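# Structure assessment
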Amino acid sequence: MFTGLVEHVGTIESVELCDVGAPLDSSVVRTDQIGARIRVQAGPLIKGLAKSGSIAVNGCCLTAMDISGKSFAADLSGETLRRTSLGEMKPGTRVNLERPLTAMKELGGHFVQGHVDGVGRVARLEPEGANWWFGVRVPADLARYVAMKGSIALDGISLTVAGWHDGIVETAIIPFTYEHTNLSSLKIGDPVNVECDILAKQVERILQSREKSSVSRITIARLIEEGF
């Protein structure tokens, strides 16, 4: 479990296919391979990071392995390569890092699981005075989870939906967030990991289960009719 508050911007050192163990020559990992292993320069976050411990890389929860110096390696399954932007990472790519939430840590963002729902694409990154507008086109099947003023995690950053139109989520970025995350290195068209609010997904699942049940059939339309 994470909060979506980025602690450090690391750098991808290498990406290797697990089945051959050779550095990739192309910019995109072949997801029909068994998997891949990435090595990430984590800087000060490496302190206290134990082998088999969790860490979020651009919002994707990974297991740290083979810790050496200020970097760690993590294995990527075929599912991870298909579901996230990590399959498009290249050496030198800047990535957002966050360690797991602890019991005594302040929950300053929102509940982020590190379970990426899909990959969006940067559609807008424009300055507005000292601030920025950050827009991401999200996959169509995730649109139902987007709500104005609701929470969404983009590349592991906890953000508030400030605009929603034509399949694009827009968020307002303050200078601190822009300077202390990977946003300053993104370009139009770049991939972005999208994780929707877990509360929205759980509510949807409960309603779906009840609609299929012969005991209780509760629909959104019925709730509105009854004044809820």
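Residues numbered from 1 in each chain as written. Predicted model: local features only at pLDDT ≥ 70, side-chain atom pairs only at ≥ 80, totals over all residues. Heavy atoms only, no water.

Counted under the stated rule, the structure contains 11 salt bridges. Note that aspartate 66 is salt-bridged to arginine 39, the shortest N-O span being 2.5 Å. Residue aspartate 66 is located in strand β5 (residues 65–68), and its partner arginine 39 is located in strand β2 (residues 35–41); the two are separated by 27 residues in the primary sequence. Using a relative accessible area of 38% as the deciding quantity, one classes aspartate 66 as partly exposed. Residue arginine 39 is classed as buried on the basis of its relative accessible area, which comes to 16%. Note that arginine 124 and glutamate 170 form a salt bridge whose closest N and O atoms lie 3.0 Å from each other. Of the two residues, arginine 124 is situated in strand β8 (residues 118–128) and glutamate 170 in strand β13 (residues 168–173); the sequence distance between them amounts to 46 residues. Among the residues examined, arginine 124 registers a relative accessible area of 22% and is labelled partly exposed. Among the charged side chains, a network of salt bridges with common partners joins Glu79, Arg82 and Arg83. (Salt bridge = Lys/Arg side-chain N within 4 Å of Asp/Glu carboxyl O. Helix = DSSP H or I, 4+ residues; strand = E, 2+ residues; numbered from the N terminus. Buried < 20%, exposed > 50% of the residue type's maximum accessible area, 1.4 Å probe, protein only.)

This part covers the sheet that holds strand β6 (residues 71–77). Taken in spatial order, the 7 strands of this open sheet run β4-β3-β7-β1-β2-β6-β5, and their pairing is antiparallel. Across the chains shown, the open sheet's two edge strands, defined by having one partner strand only, are β4 (60–63) and β5. Across the sheet, the mean angle separating the axes of adjacent strands is 35° when strand polarity is ignored. (Pairing = 2+ DSSP bridges. Axes fitted to C-alpha atoms, helices over the stretch in contact; angles between N-to-C directions.)

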